[in-house]
Amino acid sequence: MRDQHYFDLILYKTYADVRAETARTYIGYLWWLIDPLVAMATYYIVFGVFLQTQTEDFIPFLLIGVAVWQWFAATVSKGANTVRAAASLISQVYIPKLVFPTVAILIAFLHFVVVLLLLIAFCIFYGLRFSPPYTALVLIVAVQFLFSGSLAYLLAALIPFIPDLRNFVDYGLRMLMFLSGVFFAAEQLPEWARPWYYLNPMANLIESYREVLIHQRWPDFGALGLVALLSCAIVVPAIYLLTRYDRVYPKVVD
Amino acid sequence: MGPGAKPVLSLHHVGASYWLRKGFFRRRRFWALKDVSFDLYPGESLGVVGRNGCGKSTLLKILAGITRPDKGSISGQHLSATLLALQLGFLPYLTGRENAMLSGMMLGLTRPGIAERIEAIAEFAELGDFFDEPIAEYSAGMRARLGFAVAFQLDPDILLIDEVLGVGDAQFREKSTAVMTEKIRSDKTVVLVSHNAETLLELCDRAVWLEDGCTRAVGPAEEVVIAYRDAFQPRRRARKRPNVEPVTAGYTASVDEARVDGARVDGARSDALIDKGTDVAHAVAHRDAERTAKGDGLSTEVHAATGSGEKCGRGLGRGS
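Structure report, in brief. (Residues numbered from 1 in each chain as written. Chains lettered and ligands numbered in written order. Predicted model: local features only at pLDDT ≥ 70, side-chain atom pairs only at ≥ 80, totals over all residues. Heavy atoms only, no water.)

Examining the overall build of chain A
Each helix and strand in chain A was counted, giving twelve helices and zero strands. Put simply, chain A runs from its N terminus to its C terminus through helices and strands in the order α-α-α-α-α-α-α-α-α-α-α-α. Relative to the globule expectation of 18 Å for 254 residues, the C-alpha radius of gyration of chain A, 19 Å, shows essentially globular dimensions. Taking the principal axes of its C-alpha atoms as reference, chain A extends roughly 55 × 45 × 35 Å. Buried residues in chain A amount to 51% of all 254 residues. Restricting to contacts in chain A with at least 6 residues of sequence separation, those with at least 24 account for 78%. Split by element, the accessible area of chain A, about 12400 Å² in all, is 70% carbon and sulfur. (Helix = DSSP H or I, 4+ residues; strand = E, 2+ residues; numbered from the N terminus. Rg over C-alpha atoms; globule rule 2.2 N^0.38 Å. Buried < 20%, exposed > 50% of the residue type's maximum accessible area, 1.4 Å probe, protein only. Contact = heavy atoms within 4.5 Å. Areas by Shrake-Rupley, 256 points an atom, 1.4 Å probe, with all protein chains shown as cover.)

Pasting the structure below:
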């Protein structure tokens, strides 16, 4: 009964936040496309035109990297601050703190679904053929959902206690973007660096999308499995913290 | 109903602390509530009085289940208790209807429940066609009306009210105060916090007086509220009863007495020994100073008057 209520609350709050976000501007939902398109255009001009990055199918290569990265970054950076940002709410009424990062995760996911559908449409339009490995996209998306979500929960649980962590999230995301192969392929790295490079879950995920969408090959299931396992190892303590300190957060956030 | 029935909620020596950050890795524990005990009976309206910083908001948070006590315990029947929070979670770009849904759900109403009452909310808030417009376009008064109309739909087992009875312009304030008064007077179990002694006297059956995180007195509203008012509004009291000598000093002494005893009890069985110890020393010094200045007789007299004096929170108890 209560669980059903909080489930309804998560859905309605997600709807309300999305509505509020779009109602604030004249063109509303169009910003969902303009935002990633502007990022993609910027990177294309820098890396494709100025720096002459020589990678096969560079446009879809870059589009995939940027879209996937933006979803990850949005989930982590928006989700991380949710419990702290809900300070005035949670000091007036009891709401399970799990609700807040969950809403942020869902909103970022909705944005990505729209972008992903366009990305697939673009790849087919670009001349890349639809093939059986495309079905693996469901799995890759699920693993990334789990991974980015687990980080969002963990940071949301910790930031109320350690506010300084908030700054590290921004630094961390900025660094990780350049280490995740958004703009380059693993083959362009020196031999010795590759094992290190693949320690980064996002590098594995981005490469998996490219394997499927560009090369029409099956992704490395072993790597995806490891990322999923790591995510579980993060999400379990994160949810434990959020429930354990559920009624302590109102004291710390304000 | 009231005393005599089984309490819906009993607080036993409840304390609540906050950590104040004093620098890198340095924190100081601050006890907002030290020793609060009282019972809440089904269907009654319990008033809470006390000066700013006495722990009223902290107490409401504990009653609402927002935070848990750090010491002591609460026993009860696991009933829902919600603080009447106005305009909770309102988002400016959503319509009145959407905000009513969102706010209502956050306050704990189920989605079907609030959907059922949405027309009643619209009507009560007197928003007309504006109900389906973004609340960013509302005046402050309209927003206040919507906030009240939503919160008023709440029907928890125990309703917690912090000062707000009516909102908006004169006409709506009268209307909202009237329905709220009716709700408080009904069979609903209500805890009402207010600075206004008249309001509490009018609406409450019993009252709790909080002083510096401790229950100073519990009992029939007339006794407790009037004692509180007399203690802290000496000018008014002096006007009414000019020949009564300064009871204020006596009251202060009684608090200190209570705090010392309460602290000893807690110190013996909790880790709050040091904090409490400091308090005790301070309290004793303060009390002695008061006594030297005002004489001992007064404090005893006050104890008799409030029936308190043994321990923090064991005052008039069951009242009536």
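Considerations on the packing of aromatic side chains
Residues and elements named next belong to chain B. Counted according to the given criterion, the structure contains 27 aromatic pairs over all chains. On the numbers, 5.5 Å between centres and 80 degrees between planes, the contact of tryptophan 209 with tyrosine 228 is edge-to-face. Placement of tryptophan 209 in strand 8 (residues 206–211) and of tyrosine 228 in helix 7 (residues 221–232) is noted, with a sequence separation of 19 residues between them. Of the two residues, tryptophan 209 and tyrosine 228, both sit in the buried class. (Phe/Tyr/Trp six-rings, centres within 6.5 Å; stacked < 30°, edge-to-face > 60°.)

So, helix 2 (residues 96–106) of chain B
One turn of the α-helix equals 3.6 residues, which is why residues spaced by three or four share an orientation. By the criterion of burial, helix 2 of chain B is predominantly enclosed, with ten of the eleven residues buried. For helix 2 of chain B, the complete set of buried residues consists of B:Gly96, B:Glu98, B:Asn99, B:Ala100, B:Met101, B:Leu102, B:Ser103, B:Gly104, B:Met105 and B:Met106. Contact partners of the buried residues in helix 2 of chain B: helix 1 (2–23) and helix 5 (87–90) of chain A together with helix 3 (111–125) and helix 4 (140–152) of chain B. The positive-phi residue at the C-terminal boundary of helix 2 of chain B is B:Gly108, with phi of around 115 degrees.

Concerning unusual backbone geometry
Excluding glycine, residues mostly carry a negative phi; peptide bonds, for their part, are mostly trans. A positive phi is found at A:Gln216, a non-glycine position, where the angle reads about 50 degrees. Within the element layout of this structure, A:Gln216 appears in the loop between helix 10 (201–213) and helix 11 (221–244).

Quick notes on the environment of B:Thr82
With respect to the helices and strands, B:Thr82 occurs in strand 5 (residues 81–83). We classify B:Thr82 as buried; its relative accessible area is 11%. Sequence separation between B:Thr82 and B:Ile135 is 53 residues; the distance between their C-alpha atoms is 25 Å. Not counting the four nearest positions on each side in its chain, B:Thr82 is found in contact with A:Val93, B:Leu107, B:Leu154, B:Pro156, B:Ile158, B:Leu159 and B:Leu160.

Brief notes about the nonpolar core
Counting residues in each nonpolar core, the largest one holds 113 residues, and the members touching the most others are B:Leu59, B:Leu146, B:Leu160, B:Ile161 and B:Leu192. Per-element tally for this core: the top contributor is helix 4 of chain B, with eight residues. With 52 residues, the next largest nonpolar core counts A:Tyr134, A:Ala136, A:Met177 and A:Ile206 among its residues. (Core = buried A, V, L, I, M, F, W, Y, C linked by side-chain atoms within 4.5 Å.)

Considerations on the pattern of salt bridges
Tallied over the entire structure, the rule returns 16 salt bridges over all chains. The shortest N-O distance in the salt bridge between A:Asp170 and A:Arg166 comes to 3.4 Å. One end of the pair is A:Asp170 and the other is A:Arg166, both in helix 8 (residues 165–179) and four residues apart, which spans about a single turn. Overall, A:Asp170 belongs to the partly exposed group, its relative accessible area being 32%. The class of A:Arg166 is buried, set by a relative accessible area of 18%. One salt bridge connects B:Arg51 with B:Glu211, and the closest N-O pair in it is separated by 2.7 Å. Of this pair, B:Arg51 sits in the loop between strand 3 (45–49) and helix 1 (56–63) while B:Glu211 sits in strand 8, placing them 160 residues apart in sequence. According to the relative accessible area criterion, B:Arg51 is partly exposed, its value standing at 40%. (Salt bridge = Lys/Arg side-chain N within 4 Å of Asp/Glu carboxyl O.)

As for a nonpolar patch on the surface
All names here are of chain A. A cluster of nonpolar side chains, namely Tyr44, Ile45, Val46, Val49, Phe50, Leu51, Ile59 and Tyr126, defines an oily patch on the protein surface of about 710 Å² accessible area. No other element matches the five residues that helix 2 (residues 31–50) contributes to the nonpolar patch. In this structure, tyrosine 126 sits in helix 6 (residues 99–126). (Patch = residues over 30% accessible without salt bridge, like charges linked within 9 Å, V, L, I, M, F, W, Y side chains within 5 Å.)

Brief notes about the packing of helix 1 of chain A against helix 2 of chain B
At a closest axis distance of 10 Å, the pairing of helix 1 of chain A and helix 2 of chain B adopts a crossing angle of 145 degrees. Where helix 1 of chain A crosses over helix 2 of chain B, the handedness of that crossing is left-handed. Contact with helix 1 of chain A, carried on its side by A:His5, A:Asp8, A:Leu9, A:Tyr12, A:Lys13, A:Tyr15, A:Ala16 and A:Arg19, involves B:Glu98, B:Met101, B:Leu102, B:Met105 and B:Met106 of helix 2 of chain B and no other residues of that element. For the contact of helix 1 of chain A with helix 2 of chain B, the residue count by class is eight nonpolar, one polar and four charged. (Axes fitted to C-alpha atoms, helices over the stretch in contact; angles between N-to-C directions. Left-handed = near helix turned anticlockwise from the far one by under 90°. Nonpolar A, V, L, I, M, F, W, Y, C, P; charged D, E, K, R; others polar.)

A word on the interface of chain B and chain A
Facing the 29 residues of chain B at the interface are 28 residues of chain A. At the boundary of chain B with chain A, total buried surface from both sides reaches about 2600 Å², with 64% on carbon and sulfur atoms. The largest per-residue losses of area from chain B upon contact with chain A belong to B:Ile66, B:Tyr93 and B:Met106, which jointly make up 24% of the total buried on that side. Between the two partners, chain B and chain A, sit two salt bridges. Where A:Lys251 meets B:Asp70, a salt bridge forms, and the shortest distance between an N and an O atom there is 2.6 Å. Linking chain B to chain A there are seven residue pairs in polar contact (both at pLDDT 80 or more). Going through the elements one at a time, strand 1 (9–23), strand 5 and helix 2 of chain B are the ones with two or more residues in the side of chain B that touches chain A. With five residues, helix 2 of chain B is the largest single contributor of residues to the side of chain B that touches chain A. A class-by-class count of the residues in the side of chain B that touches chain A yields 15 nonpolar, eight polar and six charged. (Buried area = accessible area lost by both parts, 1.4 Å probe. Polar contact = N/O pair within 3.5 Å; in protein donor to acceptor, adjacent residues only side chain to side chain.)

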